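Summary of the model geometry
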Amino acid sequence: MNGASRIVAVLGPTNTGKTHYAIERMLGHRTGVIGLPLRLLAREVYDKIVAIRGPSVVALVTGEERIVPPRTQYWVCTVEAMPEGMGTDFVAIDEIQLCADPERGHVFTDRLLRMRGTHETLFLGADTMRGPIAALVPQAQFARRERMSQLVYTGSKKISRMPPRSAIVGFSVENVYAIAELLRRQKGGAAVVMGALSPRTRNAQVALYQNGEVDYLVATDAIGMGLNLDVNHVAFSSLSKFDGRRMRPLAPNELAQIAGRAGRGMSDGTFGVTGEASPLDEGVAQAIMDSRFTPMKKLNWRNAALRFGSVDALIDSLEASPDNEHLVKARPADDLNALKSLAQVPEVAARASDGPSIRLLWDVCRIPDFRGISHAEHASLLESIFGHLHERGTIPEDFLARQIRRIDRTDGDIDALSKRLAYIRTWTYVAQRNGWVRDESHWRAETRAVEDRVSDALHECLTQRFVDRRTSVLLRRLKQKEALLAEVNDKGEVTVEGEFVGRLEGFRFIPDKSAQGTEAKALKSASLQALAPQFHLRADRFYNAPDTEIDFTDQGGLMWGEYAVGKLVAGAEPLKPMVEVFVDEAAGPEVEQKVQRRLQHFIDRKIAALFEPLLNLSRDEELTGLAKGFAFRMVEALGILPRAGVAQEVKDLDQDARGALRKHGIRFGQFTIFMPLLLKPAPTRLRLVLWALANGLQEFPEAPPPGLVTVPVAKGAPEGYDTMCGYRNAGERSIRIDMLERLADMLRAEDSRGGFEAKADMLSITGMTLEQFADLMQGLGYKAERGERTKIKPAQPTEQPPAATAEAPAETAEAEAQSDLAVAAEAPAEATDSTEAEAEAKAADPASDEPEVEVFYTFTWGRQANRGPRGDQRQGRSKPGGKPRDGRGKPQGKKGGKPQGAKTFSSRPPKKEKAIDPDNPFAAALMGLKDGN
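Residues numbered from 1 in each chain as written. Predicted model: local features only at pLDDT ≥ 70, side-chain atom pairs only at ≥ 80, totals over all residues. Heavy atoms only, no water.

1. Section: the overall build of the protein
Per the secondary structure count, the protein includes 32 helices and 34 strands. Excluding contacts between residues fewer than 6 apart, the proportion of contacts in the protein whose partners are at least 24 apart in sequence is 68%. Here the protein displays about 45400 Å² of accessible surface, and carbon together with sulfur accounts for 50% of that area. (Helix = DSSP H or I, 4+ residues; strand = E, 2+ residues; numbered from the N terminus. Contact = heavy atoms within 4.5 Å. Areas by Shrake-Rupley, 256 points an atom, 1.4 Å probe, with all protein chains shown as cover.)

Rendered as structure tokens:
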């Protein structure tokens, strides 16, 4: 060894160009050897150098591949296969930090301590090796290289949201296959790269990824060892791995080695986690981004000065402990375990009786356990190989042919092909050893041919299982900016390049459900891009569509025909809702904005038409003072206010203010202040939606069926629901507020203190039976006392209905004219049947003269003082300490006056008939009745 040779440790994170630098330095010397951690990487570097210098001067030596031209100058090897004692000008060891690896670390440590180039030696690896190298190789110089691009942590992402050009890393074959299967269903497919694959299979899979047939790569941590791929993002599906003995968490520097594959050259990269992997600790993520890791203290070491005097001496020398504080004895490797097992076999022990035999035994024990079946199975195979070599000097050709023949099959699934590939790797390794077979060239070519056939079959099987050709081709054509022909028929069915891919519902694409096993989300993504022109055409047609084609649902949805195209969301004011559209992102912002504008125009016009009286009220600049404030309350309440809640405000309004408000159609009822025009079904339906939006309800209550005077009380409905429907809850049923005000007009003429009975017109306008009416009255605050009495038959069948009393409102009298027909029409069928049955019974039995009994209710005002049916008026009862009042709330006179409830006569002229209230929604009908009289 030349003591003046230059030793340099080139340290730094990934993507610093260290391997490229080593290749340049080696080609600057006459001869050189470079050791790499993986045969896949060795093949990649070999191809690069061959492209520069030609195949005649470059050798490739791995455990399973040996290409050595006669005029070799440059050797590209795996670290384990590096030839010793050649005296080349240049030596380089890549990924030198693997000195700390528990499985292979002792091999890298041996190269660090003993392998040198006569002119130059390079150690390439992580900056964590600076301390051990400085201690073990004092003459070494150090060169720090910075990463050429930035590496950024992006947290956790679902696999379905993984960006293109991503590599997802798993740490078991099962995990890799599961992720690849998921990507096939969601993204069109993925390439698979594992260390156990042959270079041929690996290269074929990488080609799928590199040429863009698929945008995703699923790999083991093998990609962390210098494999240069076009990867923008690396995602870890797990943060722990099985190291041959136990599951252990990956160290930050190990994560960084893999994450560093993202972003090559000057292109930045990102890394994160996915699947069941928990997000990285903030400190760990920052350490990876900054390439700051705990320096290595100990390197794995195994004694290289082996003694072959006996098997026991060989084992003792392999188990020797280091005498340096920076070295730690490596745990027993597979080769040492195999040696110990074979040493217990009497026949093997008898054969290994001298130095050459023991060396041969050790060489056989160093055959890697590619099959991974079991330790005993591997030891049995090694015993058979050692027996043949020791007895005959070579492995019999018929024995080798039988082993290879059993493997030379391309049928079966991925697992079967993977096992055959592992088996052939064993015999490929055997054929590469000098002197172990008679015709080395033949068997090397034969094993290589079988490996190639099995590799090709495995590649096809992997591609067939994990790549959807149809979807991947579609995605590739989109990526290459090729125009795809998309068509949408009148039923909304979408075809791309003649293939049915889904349905266009409004402005959202619904992929074909039957395609979930092959296309799924990848097909949807490609189809949406192909549908871009269709989205624009449909948006133009929608924008010019009349309002009659658009509607809103009771839940705030916005429909275009049968398709949902958006929904209403709360705005700054109840009458100014906003719109959220349902438009696929691929349609583009222009389509989204056009749909949003059209829907906003629709709902604004709908509100303007249905709430015109309310909007006019809000814009009336002539309203001032209390009237303006009350108008604001009405607008805020969407046109309906329970009087009890604003009693004082109503009381404070003078006649001018009330008159100004009445001009806008506001009716001041005894129970409710409302706008009759807003009680129609269409405004009511929209009002409920706007009210639910303003109150943030998750589920919007529906409007009652139109045309009903009373409806059952909605159980569990939110507070205020009955008011927004235009009803008031009273007992078990709710009554429409305009009908309630008509009823209140009738009740005003009754003696609420002394008691009164329900009149026929009261039952008529409510459409209720007597029992239902009693429950309603109790809900309004009255007491209902049930009684029975003998029914008095009318003296004259042709008796005219009683005229309205002078005190009753004219509206009530007029309403009676039409109530009889309503009562007859709405009377329960059971009552009619009962009456007829009774008549027949009496006709059959003339002697029966029992009097008929009828049920009646007496109603009296039941609430406490200051709680009349009209919030700010006390009617039907006396104020404590005040004058008694009659049934209309008028003072009765001094104590001892006329009895309450008795009929009185006066010489004063009769009161002028009360004009019909223009606020009454039945005013036109009543006027017609009067004219008819």
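Here the narrative resumes.
2. A short note on the sheet that holds strand 28 (residues 667–668)
Taken together, the 3 strands give an open sheet; going across it, the order is 27-29-28, and neighbouring strands pair in antiparallel fashion. Only two strands of the sheet have a single neighbouring strand rather than two, namely strand 27 (640–642) and strand 28. Judged from the 2 bridges that link them, strand 28 and strand 29 (residues 672–674) form a sheet pairing that is antiparallel. Bridging across to strand 29, Phe668 finds its partner in Ile673. (Pairing = 2+ DSSP bridges.)

3. A short note on the packing of aromatic side chains
Scanning all chains against the criterion turns up 13 aromatic pairs. Ring centres 5.7 Å apart and planes at 70° place the aromatic pair Phe507 and Phe542 in the edge-to-face group. Remark: Phe542 occurs in helix 19 (residues 532–543) and Phe507 occurs in the loop between strand 21 (499–505) and strand 22 (508–511); sequence separation between them is 35 residues. On the basis of relative accessible area, Phe542 is assigned to the buried category, the value being 0%. Note on Phe756 and Tyr782: the rings are 6.1 Å apart at their centroids and 90° apart in plane angle, and the pair reads as edge-to-face. (Phe/Tyr/Trp six-rings, centres within 6.5 Å; stacked < 30°, edge-to-face > 60°. Buried < 20%, exposed > 50% of the residue type's maximum accessible area, 1.4 Å probe, protein only.)

4. Brief notes about the sheet that holds strand 30 (residues 710–712)
Sheets are built from strands that pair by backbone hydrogen bonding, the pairs being arranged parallel or antiparallel. Pairing within the open sheet is antiparallel, and its 3 strands lie in the order 30-32-31. Pairing within the sheet leaves two strands with one partner each, and these edge strands are strand 30 and strand 31 (727–730). If you compare each strand with its neighbour and ignore which way they point, the axes differ by 30° on average. With 3 bridges connecting them, strand 30 and strand 32 (residues 733–736) associate as antiparallel partners. Bridge assignment links Val711 to a residue of strand 32, and that residue is Ser734. Sitting on the sheet, helix 27 (residues 737–748) is in contact with strand 31 and strand 32, with an inclination near 80° to strand 32. (Axes fitted to C-alpha atoms, helices over the stretch in contact; angles between N-to-C directions.)

5. Comments concerning unusual backbone geometry
Positive phi, normally seen in glycine, also occurs at Ser291, with a value near 55°. Along the chain, Ser291 falls in the loop between helix 8 (282–290) and strand 17 (299–301). For Leu638, which is not glycine, the phi dihedral falls at a positive 60°.

6. Here's the deal with helix 25 (residues 681–694)
An ideal rise of 1.5 Å per residue puts 20 Å on 14 residues; helix 25 measures up with 20 Å between its terminal C-alpha atoms. The buried count for helix 25 comes to 10 of 14 residues, which makes it a mostly enclosed element. Every buried residue of helix 25 is listed here: Pro683, Thr684, Leu686, Arg687, Leu688, Val689, Leu690, Trp691, Ala692 and Leu693. Residue Gly696 follows helix 25 closely and has a positive phi angle near 65°. (Expected span 1.5 Å × (residues − 1).)

7. Considerations on the environment of Ala587
Turning to its location among the elements, Ala587 is positioned in the loop between strand 26 (578–581) and helix 20 (589–610). For the pair Ala587 and Ala532, spaced 55 residues apart in sequence, the C-alpha separation works out to 5.6 Å. Discounting residues that sit within four places of it in the chain, Ala587 has contacts with Phe535 and His536.

8. Quick word on the side chain of Asp620
Looking at where Asp620 falls in the secondary structure, it is placed in the loop between helix 21 (612–619) and helix 22 (625–636). No salt bridge is formed by the buried Asp620. Its closest oppositely charged neighbour is Lys663, at 7.9 Å. A polar contact of 2.9 Å, which involves the side chain of Asp620, links it to the backbone nitrogen of Glu622. (Lys, Arg positive; Asp, Glu negative; His and termini not counted. Salt bridge = Lys/Arg side-chain N within 4 Å of Asp/Glu carboxyl O. Polar contact = N/O pair within 3.5 Å; in protein donor to acceptor, adjacent residues only side chain to side chain.)

9. A few points about the confidence of the model for the protein
Residues with a pLDDT of 70 or more make up 82% of the protein, whose mean pLDDT is 82. Note that pLDDT drops below 50 for residues 865–912; the model gives that stretch 69 contacts with residues more than four away or on any other chain. For residues 919–933, every residue scores under 50 in pLDDT, and the model assigns this stretch 28 contacts once sequence neighbours within four places are set aside. (pLDDT = per-residue confidence, 0-100.)

10. What about the nonpolar core?
Across soluble globular proteins, you tend to see nonpolar side chains buried next to one another. Formed by 67 residues in total, the largest nonpolar core has its most connected members in Phe507, Leu575, Leu599, Leu617, Phe630, Leu661 and Ile673. With residues near it in sequence (within four places) discarded, Phe630 still touches Leu641, Val646, Glu649, Val650, Leu653, Leu661, Phe668 and Ile673. Counting residues in hydrophobic clusters, the runner-up holds 63 residues, among them Ala235, Phe308, Ile358 and Ile424. (Core = buried A, V, L, I, M, F, W, Y, C linked by side-chain atoms within 4.5 Å.)

11. Digging into the pattern of salt bridges
Counted according to the given criterion, the structure contains 54 salt bridges. Close ionic contact of Asp89 with Arg30 constitutes a salt bridge, the shortest N to O distance being 4.0 Å. With Asp89 in the loop between strand 5 (74–78) and strand 6 (90–93) and Arg30 in the loop between helix 1 (18–27) and strand 2 (32–36), this residue pair connects regions lying 59 residues apart in the sequence. For Arg420, the salt bridge goes to Asp411, with nearest N and O atoms at 3.6 Å.

12. A closer look at the side chain of Thr710
One can find Thr710 in strand 30. The exposure class assigned to Thr710 is buried, which follows from its relative accessible area of 8%. Setting aside anything within four residues of it in sequence, one finds Thr710 in contact with Tyr727, Arg733, Ser734, Ile735, Thr766 and Met768.

13. Describing helix 29 (residues 770–779)
One full turn of an α-helix is made of 3.6 residues, so residues set three or four places apart face in the same direction. Inspection of helix 29 places Phe773, Ala774, Leu776 and Met777 among the buried residues, and these make up the whole buried set. On an axial view of helix 29, the arc spanned by its buried residues comes to 160°, and they lie on one face. Tucked inside the fold, the buried residues of helix 29 contact strand 31, strand 32, helix 27, helix 28 (760–766), strand 33 (782–790) and strand 34 (853–861). Two residues or fewer past helix 29, Gly781 is found with a positive phi of approximately 110°. (Arc of directions from axis to C-beta.)

14. Here we look at the environment of Arg425
With respect to the helices, strands and loops of the structure, Arg425 is situated in helix 15 (residues 414–432). Setting aside residues up to four positions removed in sequence, Arg425 forms contacts with Arg39, Glu64, Gly195, Ala196, Phe370 and Glu451.

15. Section: the pairing of strand 12 (residues 216–219)
Residues of strand 12 alternate between two faces, with Tyr216 and Val218 on one and Leu217 and Ala219 on the opposite face, all of them buried. The sheet contact formed by strand 11 (residues 191–193) and strand 12 spans 3 bridges and is parallel. Note that in strand 12 the partner of Val192 across the bridge is Val218. Traced from strand 11 through helix 6 (residues 199–210) to strand 12, the parallel crossover comes out right-handed. (Right-handed = clockwise from strand over helix to strand, strands pointing away.)

16. Some remarks on the packing of helix 1 against helix 2 (residues 39–53)
It is at 12 Å that the axes of helix 1 and helix 2 come closest, and there the two elements cross at 40°. By the criterion of interaxial angle, the relationship of helix 1 to helix 2 is oblique. At the point where helix 1 passes helix 2, the crossing takes the right-handed sense. Where helix 1 abuts helix 2, its residues Thr19, Ile23, Met26 and Leu27 lie against Val45, Lys48, Ile49, Ile52 and Arg53. In the contact of helix 1 with helix 2, the residues fall into 6 nonpolar, 1 polar and 2 charged. (Parallel < 35°, antiparallel > 145°, perpendicular 65-115°, else oblique. Left-handed = near helix turned anticlockwise from the far one by under 90°. Nonpolar A, V, L, I, M, F, W, Y, C, P; charged D, E, K, R; others polar.)

17. Things to note about the packing of helix 14 (residues 397–407) against helix 15
Pairs of packed helices are described in terms of their axes, by the angle between the two and the distance that separates them. Orientation of helix 14 relative to helix 15, taken along the N-to-C sense of each, is 160°, at an axis distance of 9 Å. Regarding the angle of helix 14 to helix 15, the classification is roughly antiparallel. The interaxial crossing formed by helix 14 with helix 15 has left-handed handedness. Side by side, helix 14 and helix 15 meet where Phe399, Leu400, Gln403, Ile404 and Ile407 of the first sit next to Arg420, Tyr423, Ile424 and Trp427 of the second. Classifying every residue of the contact of helix 14 with helix 15 by side-chain character gives 7 nonpolar, 1 polar and 1 charged.

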